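Coordinates in review
Now for the letters of each chain:
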Amino acid sequence: MNWLLDLFRRNSHERCLDSELRFHLEQQTRDNIAAGMNPEVARRQAAIDLGGLEQIKEECRDTRRGAWLGYLSQDLRFGLRMLRKSPTFTTIAVLTLALGVGANTAIFSIVNAVLLRSLPYRDPDRLVRIFFNEPGVGLRDVKFSKPELDDLQTRAGVFEDATPIAEGSEILTGAEKPERVEGVNGSFSYFSMLGVIPQIGRLYGPQDFTPGFAPEAVISDSLWRRAYGADPNVLGRTIWIDNDPLTIIGVLPRGFRHPGPTVSGDAEVFGAAGFSADPFPQPIRGNRVLKNGIGRLKPGVTREQAQARLTAMAAQLRHDFPTDYPPQAQWTIEIQPLQDTLVGNVRPMLLVLLGAAILIVFIVSLNIANLLLARASGRQQEMALRLALGASRGRMVRQMLTESMLLSLIGGAAGIATAVGTFSFILRFVPPGVPRLNEVRIDWVVLAFALLISILTGLVFGLAPALNSTKGALSPALREGGRGSGSGTKTGRMRDVLIVSELAFAVVLMVGAGLLLRTLGNLLQENPGFNPTQVVTANMQLATRNDPKTDPYLNIPRRATFDRELLRRMKAIPGVELAAITSALPATNSNPNAVGGLANESLAIEDRPVESSQDLHAERIRISPDYFKVLQSALLRGRSFTEGDEDGKPLVAIIDESTAHRFWPTRDPLGRRVRFGRDPTKPWATVVGIVKDIKSDGLDIDGVPHIYVSTYQDSSKRLSLVLRTSLPATLLEPQIRNEIQSIDPGLPVFNVSSMNEVLDRSLASRRFSANLVGGFAGLAVLLASIGIYGLLAYMVGQRSREIGIRMALGAQRDDILRMFLRKGVALAGVGIVAGLVFSASTASMLGSLLYGVRPHDPAVFLIVPLLLFTIAVLASYLPARRATKVNPMIALREG
Amino acid sequence: MLILKVVAMGPIHGYAISKRIAQISKDMLRIQQGSLYPALHRLENRKWLAADWREAESGREAKFYTLTPAGKKQLEVEELDWERLSTAIGLVLRTVL
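A quick note: this is a predicted structure, and the numbers were derived from the prediction, not measured.

1. What to know about the overall build of chain A
The helix and strand tally for chain A stands at 28 helices and 21 strands. Within chain A, the fraction of its 895 residues that count as buried is 52%. Within chain A, counting contacts between residues at least 6 apart in sequence, those at least 24 apart form 81% of the total. Roughly 39,000 Å² of accessible area belongs to chain A as shown, and the carbon and sulfur atoms make up 59% of that amount.

Right, here's the structure in full:
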């Protein structure tokens, strides 16, 4: 490697080169003298003939291989020296860069895990989520029955396998206190379909098949470590789930995660069932109890082909079984890539956040470009000197770029380090509703992205000043000596463009932040339809035994007895004024993962023909008599439920205003009768009361019709307690737990919190994105105002002589002030207008994230420019005022 | 190629090369003196020329260039190429005229 050696032999090379050229000059001079010139002229002529000595040397050096390496190390050393020489500039640049790159790294790591990386299963592209829809009555994702599952597995012919998924909370007993764990029940091919290999033991297979629930369980790595201390002899031990003893047959690998929604956290217990015997209802088409379906397409079958086949099959089934599939429902089957359904509505939020992060790093780099340009004009003399001393322009550009690259890489490294260092801290702020969060990590894709961002920013902010610095003509720059009377117009123009684009991007970020913050504000002020203060809530769940005969909570009378005892004990707790039970806590339903989440249910109304029942569906919420009193929600008409509305008495229902308007727009709903489901043999329920709307599905969801029924007549195993009390939730929690477990020691109590916390949590992801984008916008404004301030301050410094002349010629201080203010205002004006145009064309991308605000909200589009304009005027006022303080005498003398 | 040819005549230093080229080509080809040295260094890097320091006729140390075997081969190749090219051009010119 000669050229490497060359690097070390550079000194001797330099000496040789020098003496070789000097020899040439001496010879030439001698010959010239011999030709009759006088010595002075002879030397001069020789030098002219040869050309620039240093340029030639530089060219000779260029011919050496590996020269670039030498240059690089030279440039790097020089760059480092330059950065050390101006610590303020370096600190600002590195800090802002670290912030920009760090934000990008963090957000991209989430985007990468959630949106980009494919699911961690075998051939994830062939995994689909299966939906059953009834578009005719406006229902999506309805439940399905065992015969329909069989159709998918055999008749459809497009699936290698398909399984229903029953996700939910289960009760793990046997430890010191009952614990709620996440459970998943699938068919016996669930694991083979996903392609999972157990850590120890085995997974389910066809040999385990039973028509009901299998007496075995597979547990997750986390549960294995938590509950069994990672004991390798865990196989064969008994785990109590919902009071049923199950035998542990296998432990899943560490990274495995169930590909579907869970109530909170990851699924830890995996059961399997045949779905055709107790506790499942008789396997007929009308008994639709299965919820989610996941399928694996056969190899070679495209999604479009499969969809076409399924649509055709659904039509055939509708034709073959007209009683099970009423024609007006238009029952059909739909498939979607599993990854898409997992990500769902998180995609727009993440993309907006990534966009904001990229904008901020753009603004950061524009800002640094600006600072560099200011420095570059200060370094014009240095550059001119370098050119005169033989530096080629390419070499100069390269050196400037090396400097900026060095800066951007230092900033980028700082950013990545920040992101890595604060990673777990940042993740805590990410709303838990984001799927696949456990897969978020900083891997090489994320690092490559961060590196790319750093290099790009380095190029963006380095190229402009680099090209600019080598342009200027030599001699004027040398002569001016950096104290010129005015700055070069080219530099000036470029800096103007930078400031204007910086402002424009700031406007975009501010408009986005404004819209998101207004949405959040609207939601915080949204009237939930009840009084959430001084209400404490708790969630609980009754176990479902696999054998119905042993289930203490099997039927409604048994559950009603439990409910009454529960309420009696709750009201007896000192400080609790009122207590009630509901199957759905307000503001939790919009999240399908929430406890008690309810799907829309189809509905029949008496005296109304089924054929006209377009869009007849409502949410059923089961409540105890005092529910509306606890929430202090107004009963508009009729009556509330009473203790007498129990099993065996006529069914009653209470509706809310939305329901009343939708189903009985012209008639009095009181006394009308409704019925859930399509079974015509079931009894009607009479509407006895109307309440004000309660935001049951989330603060941002309006107008879903709700029908309340008495929990003593119709109850479920998931329930929530609402208590009106002046005591805080933390104080009440042990007493609530104690009372519940003295009824049944096997019942877990979870999420004890105040109603305000529940409402607050429902806004977590909106708060997260609004705050983040808001923070970015604030940073953008700060950077933009620094930019304007810096530009004008620099101009004032450069033009102090001109100001002196103007003042000497009679210009008033106001004139000077106005002159600089006008410059700042003009820049701000152009930037803001450009930004507004840009925002107006992109704001609709935010559409799905907004509530109560239109994407072109006039208030936001008015306040943002005014605010930014005020800041810009302020930022230009300070340097402009300094301009008026210029003492003409001093300025002129110095000039 | 010109430089190689000149150096082929024996060890010679840079200044003499520039003189020689000017002289031989009867000032028709005036190589910019400044570009001579980068060219020399390039040839040296390609191992077509070797260089050593000797005493010049003036008594000063000077860098003398000599042709290496590789350089000789390169010169032959280039001479051949040049002959072929100039013959071809000559032929074309003669035929056309």
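2. Focus on the sheet that holds strand E2 (residues 49–55) of chain B
Residues and elements named next belong to chain B. Ordered in space as E1-E3-E2, the three strands form an open sheet in which the pairing is antiparallel. Looking at the sheet topology across the chains shown, the edges are occupied by strand E1 (12–13) and E2. Two strands pair when backbone bridges link them, and E1 and strand E3 (residues 61–67) are joined in this way by two bridges, in the antiparallel orientation. Looking across to E3, one finds that His13 is bridged to Phe64.

3. Brief notes about the pattern of salt bridges
All names here are of chain A. Evaluated as defined, the whole model comprises 35 salt bridges over all chains. One salt bridge in this structure joins Arg285 and Asp151, with 2.9 Å as the shortest N-O distance. Of this pair, Arg285 sits in the loop between strand E8 (269–272) and strand E9 (292–297) while Asp151 sits in helix H7 (residues 146–155), placing them 134 residues apart in sequence. For the pair Arg285 and Asp151, one class covers both residues: buried. A salt bridge links Arg564 to Glu643; the shortest N-O distance between them is 2.8 Å. Of this pair, Arg564 sits in helix H19 (residues 556–572) while Glu643 sits in the loop between strand E15 (635–638) and strand E16 (652–656); the two residues are 79 residues apart in sequence, bridging distant segments of the chain.

4. Things to note about a nonpolar patch on the surface
All names here are of chain A. Where nonpolar side chains cluster on the molecular surface, the patch consists of Leu409, Leu451, Leu452, Ile455, Leu456, Leu459, Leu463 and Leu467 and spans about 630 Å² of accessible area. For the nonpolar patch, the element with the most residues is helix H16 (residues 444–469), which contributes seven residues. One can find Leu463 in helix H16.

5. Focus: the environment of Lys291(A)
Residue and element names in this part refer to chain A. The topology assignment puts Lys291 in the loop between E8 and E9. Residues Lys291 and Asn185 lie 106 residues apart in sequence; the distance between their C-alpha atoms is 11 Å. Discounting residues that sit within four places of it in the chain, Lys291 has contacts with Lys143, Phe144 and Ile165.

6. Here we look at the nonpolar core
Residues and elements named next belong to chain A. If you look at the biggest cluster of nonpolar residues, it comprises 127 residues, and the most contacted ones within it are Ile368, Leu509, Tyr627, Tyr708 and Phe820. With 18 residues, the top contributor of residues to this core is helix H12 (residues 346–378). Setting aside anything within four residues of it in sequence, one finds Phe820 in contact with Leu792, Met795, Val796, Ile803, Ala880 and Ala883.

About the cut-offs
Residues numbered from 1 in each chain as written. Chains lettered and ligands numbered in written order. Predicted model: local features only at pLDDT ≥ 70, side-chain atom pairs only at ≥ 80, totals over all residues. Heavy atoms only, no water. Helix = DSSP H or I, 4+ residues; strand = E, 2+ residues; numbered from the N terminus. Buried < 20%, exposed > 50% of the residue type's maximum accessible area, 1.4 Å probe, protein only. Contact = heavy atoms within 4.5 Å. Areas by Shrake-Rupley, 256 points an atom, 1.4 Å probe, with all protein chains shown as cover. Pairing = 2+ DSSP bridges. Salt bridge = Lys/Arg side-chain N within 4 Å of Asp/Glu carboxyl O. Patch = residues over 30% accessible without salt bridge, like charges linked within 9 Å, V, L, I, M, F, W, Y side chains within 5 Å. Core = buried A, V, L, I, M, F, W, Y, C linked by side-chain atoms within 4.5 Å.

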